[in-house]
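# Coordinates in review
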Amino acid sequence: MTGKVAGNVADIIIIGAGIGGLTAALALQRTGQRVRVFERAAAFAEVGAGLTVGPNMLHGLAHLGLGEAVRAAAMTPEHGGVIDIATGELLVANTRGRIPEQRYGQPYTQMHRAELHGILADAVGRNDPEALQLDHCLASLSQDACSVTARFTNGNSACGDLLIGADGSRSVVRDALFPGHAPRFTGYVAWRCLVPMDRLPATPIYPDSAIMIGPHRSFARYRVSHGRLLNCTAFVDSPGWTDEGWSIPSSVEELLAHFADSAPIVSEIVRQTPADACFKWGLFDRDPLPCWTDGRVTLLGDAAHPMLPFLGQGAAMAIEDAVILARALASVLARVLASTPEGPAALLIYEQARRERTSFVVQASRDAVREFHAPDTRGYDPARHRDAEALGLFSYNPATAPIPAQPFHQPRG
Ligand code: FAD
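Presented here is an overview of the structure given in this document. Since this is a predicted model, take the numbers as computed values, not measurements.

### Re the overall build of the protein
Of the regular secondary structure elements, the protein holds ten helices and 19 strands. Relative to its length of 413 residues, the protein is compact, with a C-alpha radius of gyration of 21 Å against a globular reference of 22 Å. The proportion of buried residues among the 413 residues of the protein is 58%. When contacts within the protein are restricted to residue pairs at least 6 apart in sequence, long-range pairs at least 24 apart make up 77% of them. Distance between charge centroids for the protein: 3 Å, based on 36 positive and 42 negative side chains.

### A word on the sheet that holds strand β8 (residues 138-143)
Two modes of strand pairing occur in sheets, parallel and antiparallel, and in both the strands are linked by backbone hydrogen bonds. Across the sheet, three strands lie side by side as β8-β9-β10; this open sheet has antiparallel pairing. The open sheet has two edge strands with one neighbour each: β8 and β10 (157-160). The average undirected angle you get between the axes of adjacent strands in this sheet is 15°. In this structure, β8 lies alongside strand β9 (residues 148-152), joined through five bridges in antiparallel fashion. Within the sheet, the bridge partner assigned to Q143 lies in β9 and is V148.

### Here we look at the pattern of salt bridges
Inspection of every chain in the model, using the stated rule, returns 19 salt bridges. Note that R71 and E101 form a salt bridge whose closest N and O atoms lie 3.1 Å from each other. Note that R71 is positioned in helix α3 (residues 67-73) and E101 in helix α4 (residues 99-104), a separation of 30 residues in sequence. For E101, a relative accessible area of 30% corresponds to the partly exposed category. Notably, a salt bridge pairs R366 with D285, separated by 2.7 Å at the nearest N-O pair. Residue R366 is found in helix α10 (residues 342-372), and its partner D285 is found in strand β17 (residues 278-285); the two are separated by 81 residues along the sequence. For R366, a relative accessible area of 11% corresponds to the buried category.

### Considering the site of the ligand
Neighbouring residues of the ligand: 29 residues in total, closest G20, E39, A49, R113 and D302. A distance of 2.6 Å is found between an oxygen atom of the ligand and a side-chain nitrogen or oxygen belonging to E39. Classifying every residue of the shell around the ligand gives 14 nonpolar, nine polar and six charged.

Basis of the calculations
- Residues numbered from 1 in each chain as written.
- Predicted model: local features only at pLDDT ≥ 70, side-chain atom pairs only at ≥ 80, totals over all residues.
- Heavy atoms only, no water.
- Helix = DSSP H or I, 4+ residues; strand = E, 2+ residues; numbered from the N terminus.
- Rg over C-alpha atoms; globule rule 2.2 N^0.38 Å.
- Buried < 20%, exposed > 50% of the residue type's maximum accessible area, 1.4 Å probe, protein only.
- Contact = heavy atoms within 4.5 Å.
- Lys, Arg positive; Asp, Glu negative; His and termini not counted.
- Charge placed at Lys NZ, Arg CZ, Asp CG, Glu CD.
- Pairing = 2+ DSSP bridges.
- Axes fitted to C-alpha atoms, helices over the stretch in contact; angles between N-to-C directions.
- Salt bridge = Lys/Arg side-chain N within 4 Å of Asp/Glu carboxyl O.
- Near = heavy atom within 4 Å.
- Polar contact = N/O pair within 3.5 Å; in protein donor to acceptor, adjacent residues only side chain to side chain.
- Nonpolar A, V, L, I, M, F, W, Y, C, P; charged D, E, K, R; others polar.

Structural data, given as structure tokens:
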């Protein structure tokens with residue numbers, strides 16, 4: 001497969017049709033680029049649970065024309081908070097409802113990952129029905145002065161001007177570009193479950209979006225899918241190693257055992273989880289890369305900056321990346337062709353606009369879990385609470401954030 005195109009239009013290969021890869025595809029399509037997205041899965045399945053879609057992420061989605069669709073599918077919690085997991089005492093109260101929109105120009109919402117993924121995939125497919133190529137698992141890549149070639153395990157290959165590795169935290173593209181960054185098991189195991197709300201007691205769960213914290217564990221829950229489902233994510237300090245990934249089946253009993261001495265509402269919720277809706281996975285950590293672009297290839301989303309989930313910002317960072325990448329490329333292509341040496345400069349502009357912010361969020365996510373799982377959380381100090389809002393992350397708008405006019409140094413390769 002080749003696909004070089006003429007004019008100031010780049011032919012861009014994206015590896016991975018997750019939320020980052022699809023958003024990058026849409027953002028690049030909207031600036032007139034030709035995009036092909038190669039995804040290893042043979043079909044999109046309804047995998048995953050809840051995602052926080054905060055103001056910074058919604059700014060990016062609204063810029064791409066998806067603001068209304070996402071808001072219609074998402075839940076807007078009225079209240080947020082941090083709760084002592086043993087006593088049920090509210091330690092920190094967050095103002096949600098209409099307040100975030102008044103403060104940041106977009107609301108704080110939460111939704112099922114599969115619903116957001118579906119909205120993005122539909123939008124990309126409407127622009128170009130040929131853009132999404134499933135059943136294409138990247139095996140290797142190579143580049144020269146004029147092009148980059150991706151080879152897939154099914155024997156196909158694709159040639160383009162630029163390649164974006166959006167293939168998640170275990171990125172093959174990252175390993176090809178920057179080998180030797182092995183992940184470390186963090187000592188945290190995570191569970192996710194989706195509980196039908198009609199199985200739970202009719203009494204309202206307050207605050208409707210909350211994280212319950214306590215020694216060596218935490219439990220976050222909020223509603224998704226128009227309030228039909230309660231999304232729960234539990235984290236436990238665990239010396240035992242568990243595989244990384246999203247879909248390792250677990251049992252309700254195993255999860256219950258970790259929260260036996262918690263406030264009764266936790267076990268009430270967990271007990272109502274359908275047997276096939278409880279999954280676990282090990283959390284692995286990687287240090288931020290010193291750079292993530294090499295010539296005609298760059299990384300985006302979890303491939304570039306995998307992070308622990310304790311600030312709920314992984315998908316937001318991927319969407320911010322995608323909007324900035326498209327803006328950087330559009331600004332360069334307005335002047336020259338992607339196939340000149342200036343094409344890779346756009347990738348460096350993108351990386352340099354994003355590296356500091358994403359590295360900060362990687363570190364802040366590590367710090368957050370140390371506070372949540374502290375051996376004694378009874379004295380948890382609201383003044384020291386550092387969630388995504390307190391860290392100032394919500395006020396970023398990728399559609400208007402400044403980007404460098406030129407890269408700070410010349411492209412490698
Ligand atoms: P990802 O979402 O990980 O997407 C990477 C994509 O690349 C995947 O579609 C993967 O199949 C594809 N890929 C990987 N390797 C190759 C290869 N060699 N060739 C071609 N394609 C490849 N976050 C939550 O907060 N809650 C959830 O419940 C949740 N569920 C998830 C379920 C799944 C199946 C996945 C993949 C991710 C899930 N996430 C969840 C993570 C969250 O979506 C991401 O952290 C975030 O959106 C960043 O997205 P990304 O596109 O950078 O990476």
